[in-house]
Amino acid sequence: MSAGALETRSVLLVIAGGIAAYKSLELIRRLKDRGARVRCVLTRAGAEFVTPLSVAALSGEKVHQELLSLTDESEMGHIRLARDCDLVVVAPATADLLARMAQGRADDLATAVLLATDKPILLAPAMNAQMWSHPATQRNVQTVTGDGAHLVGPAAGDLACGEVGVGRMAEPDEILARIETMLARPARLLEGKMALVTSGPTREAIDPVRYLGNFSSGKQGHAIAAALAERGARVVLVTGPTAEPDPAGVTVQRIETGQQMLDACRAALPVDIAVFAAAVADWRPVAPAAAKLKKDGQPSAIALAVTENPDILATLARPGTTRPQLVVGFAAETEADPARLIERARAKRASKNCDWVVANDVSPGTGVLGGRRNTVHVVTAGGAESWPTLDKNDVAARLADRIAAALQADGRAIA
Ligand code: CTP
């Protein structure tokens, strides 16, 4: 581990109430030595073990303790605190904190931050061995890891209570090593490559105040643009209206309609890689009304004349000089059976002439549309791979790694 390895990285450290909290002071020091910014949340119980003053002195930052502190809420609300970091670390993660996390509680600053963050979470549990092995704690650990949190430790050894067993918090060096792995920047294997990504929904005007649209949040497409940029690609992201922040280092083109998305994509060509993650409205009203449609005088049911939107993916994947070297489409289906989902993805791959299709079930029960997690199957000429349910950022990272590997393996043909 080198000094400065975590330069420009920011860690939010939650210190809960356990005797191991003293080791977190050492962790702060080592993170700072490596150049990381460390902000700390100290729970009420945590403050019984280490003082806010030591935490503030070591981190060089104000310590955050109260959920409803007037100054904090005006200067930096808990939502911003939860998101203005690259990683949230909980050390020590006590049995009580794990239980409250598993329930999705938000009744103090630590739990509210853990619920509000969109960043990865690393937990370093610390407790008595009996408490750790209790089925209730094990259930809670299953729940929080199932929700995406990562664990480091606990280790076996002498415990503060005088007993011996599993429950010791991982040592600061081990926690630091995990933090470095989690924050490691991927190799810039896409340096010199150009990429185009579409994301979000489109809106097709019915009249000046209404539109046809869909529930796409843009989370997956934006994450893919960010992951490609992180690997060194120059990325143009063409996006419909979303609440997602612009990914760092990406050129963002905002559009509203499918036709505008096609025009913006054409303007971004030529590119080496194109990923079409947008949920383009399949139809648009034939003739949007110039003035707001009024109910007066209309029958209670009206027919809306629609026409098909251009298929952006199929248009840009046609053989020709500007076809990107690697074209990746998505197949959003309401189909729970993986075999049938993959079958449809295969059909879309062929009909739209793309190299890969990322298929997902977007039925309302899956929580994929607008949610943070995604379960995808990647269909290529070589077959279909089913990935585990992952955070959308992890799906993006894995897809970007796969894209980089494919371009490296063969500059011409994509398997
Ligand atoms: N797509 C596109 N332009 C469109 C419609 C879809 O570029 N007008 C792209 C999507 O971005 C996605 C792929 O085509 O990569 C498949 O989109 P999907 O909504 O799953 O399928 P559709 O082609 O719209 O077909 P259907 O709605 O009948 O399933």
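Definitions and cut-offs
Residues numbered from 1 in each chain as written. Predicted model: local features only at pLDDT ≥ 70, side-chain atom pairs only at ≥ 80, totals over all residues. Heavy atoms only, no water. 1 Å grid on protein atoms, 1.4 Å probe; cavity = no way out; pocket = protein on both sides within 12 Å on 5 of 7 lines; lining within 4 Å. Points joined across faces, edges and corners; volume = space filled by probe spheres on them. Helix = DSSP H or I, 4+ residues; strand = E, 2+ residues; numbered from the N terminus. Nonpolar A, V, L, I, M, F, W, Y, C, P; charged D, E, K, R; others polar. Polar contact = N/O pair within 3.5 Å; in protein donor to acceptor, adjacent residues only side chain to side chain. Contact = heavy atoms within 4.5 Å. Buried < 20%, exposed > 50% of the residue type's maximum accessible area, 1.4 Å probe, protein only. Pairing = 2+ DSSP bridges. Near = heavy atom within 4 Å. Areas by Shrake-Rupley, 256 points an atom, 1.4 Å probe, with all protein chains shown as cover. Sits in = over half its atoms within 2 Å of the grid points. Core = buried A, V, L, I, M, F, W, Y, C linked by side-chain atoms within 4.5 Å. Axes fitted to C-alpha atoms, helices over the stretch in contact; angles between N-to-C directions. Patch = residues over 30% accessible without salt bridge, like charges linked within 9 Å, V, L, I, M, F, W, Y side chains within 5 Å. Salt bridge = Lys/Arg side-chain N within 4 Å of Asp/Glu carboxyl O. Expected span 1.5 Å × (residues − 1). Parallel < 35°, antiparallel > 145°, perpendicular 65-115°, else oblique. Left-handed = near helix turned anticlockwise from the far one by under 90°.

### As for the layout of surface pockets
- The calculated volume of the second largest pocket comes to roughly 960 Å³.
- Taken together, 37 residues make up the lining of the second largest pocket; nearest its centre are Ala278, Ala279, Val280, Asp282 and Ala332.
- Of all the elements in the fold, those that place two or more residues in the lining of the second largest pocket are helix H10 (219-230), helix H12 (312-316) and strand S17 (326-333).
- Grouping the amino acids of the lining of the second largest pocket by side-chain chemistry returns 18 nonpolar, 12 polar and 7 charged.

### Side note on the side chain of asparagine 374
- Topologically, asparagine 374 is positioned in strand S19 (residues 373-374).
- Of note is the side chain of asparagine 374, whose polar atom sits 3.1 Å from the side chain of glutamine 220.
- A distance of 3.3 Å separates a polar atom in the side chain of asparagine 374 from a polar atom in the side chain of asparagine 360.
- With residues near it in sequence (within four places) discarded, asparagine 374 still touches Gln220, Asn360, Val368, Pro388, Thr389, Leu390, Lys392 and Val395.

### Focus: the pairing of strand S12 (residues 234-239)
- In terms of residue burial, S12 counts as a mostly covered element, since 5 of its 6 residues are buried.
- Examined bridge by bridge, strand S9 (residues 194-199) and S12 share 6 bridges and lie parallel to one another. The partner of valine 197 across the bridge, within S12, is leucine 237.
- With 4 bridges joining them, S12 and strand S13 (residues 251-254) adopt parallel strand pairing.

### A look at the site of the ligand
- Residues in contact with the ligand amount to 14 residues; listed here are only the nearest, Phe276, Ala278, Asp282, Lys348 and Lys352.
- In this structure, alanine 278 approaches the ligand through a main-chain N or O atom, which is 2.7 Å from an oxygen atom.
- Separating a nitrogen atom of the ligand from a backbone N or O atom of proline 310 is a distance of 2.9 Å.
- Burial of the ligand by the protein chains amounts to 77% of its free accessible area of 560 Å².
- Of all the cavities here, the one that holds the ligand is the second largest pocket.

### A look at the nonpolar core
- Counting 34 residues, the largest nonpolar core has Val197, Ile224, Leu228, Val235, Val275 and Ile403 as its most contacted members.
- Those elements giving two or more residues to this core turn out to be S9, H10, S12, strand S14 (273-276), S17, strand S18 (356-361), strand S20 (376-380) and helix H14 (392-409).
- Per-element tally for this core: the top contributor is H14, with 8 residues.
- By size, the runner-up hydrophobic cluster in this structure holds 30 residues, among which are Cys40, Leu42, Val63 and Ala126.

### Focus: the sheet that holds S9
- In space, the 8 strands of this open sheet follow the order S13-S12-S9-S14-S17-S18-S20-S21, with mixed pairing throughout. Two strands bound the open sheet, and with one partner strand each, they are S13 and strand S21 (383-386). Across the sheet, the mean angle from the axis of one strand to that of its neighbour is 15°, orientation sign disregarded.
- The sheet contacts of H14 involve S14, S17, S18, S20 and S21, and relative to S18 the element is tilted by about 165°.

### Overview of a nonpolar patch on the surface
- A cluster of nonpolar side chains, Ile19, Tyr22 and Phe49, forms an exposed patch at the surface whose accessible area comes to about 340 Å².
- Among the secondary structure elements, tyrosine 22 is positioned in helix H1 (residues 21-33).

### Focus on the sheet that holds strand S6 (residues 150-151)
- Spatially, 6 strands are ordered S3-S2-S1-S4-S5-S6 in an open sheet, and the strand pairing comes out parallel. The strands lining the two open edges of the sheet, one partner per strand, are strand S3 (63-64) and S6.
- Two strands pair when backbone bridges link them, and strand S1 (residues 10-15) and strand S4 (residues 87-93) are joined in this way by 4 bridges, in the parallel orientation. From the neighbouring strand, leucine 13 faces S4, where its bridge partner is valine 89.
- Contacts from helix H2 (residues 52-59) reach S1, strand S2 (37-42) and S3 within the one sheet, and its direction differs from that of S2 by about 170°.
- Where helix H5 (residues 95-103) meets the sheet, it contacts S4 and strand S5 (121-125), and its direction lies at approximately 145° from that of S5.

### Some points on helix H8 (residues 135-146)
- Here H8 contains 12 residues, and its C-alpha end-to-end distance of 16 Å stays within 8% of the 16 Å for a straight helix at 1.5 Å per residue.
- Summarising the contacts, the buried residues of H8 are in contact with H5, S5, helix H7 (129-133) and S6.

### Details of the packing of H1 against H2
- At a closest axis distance of 9 Å, the pairing of H1 and H2 adopts a crossing angle of 15°. Considered as vectors, H1 and H2 are oriented roughly parallel to each other. Handedness of the H1/H2 crossing: right-handed. Between H1 and H2, the contacting residues are Leu25, Ile28, Arg29 and Lys32 on the first element and Ser54, Val55, Leu58 and Ser59 on the second.
- When its residues are assigned to classes, the contact of H1 with H2 shows 4 nonpolar, 2 polar and 2 charged.

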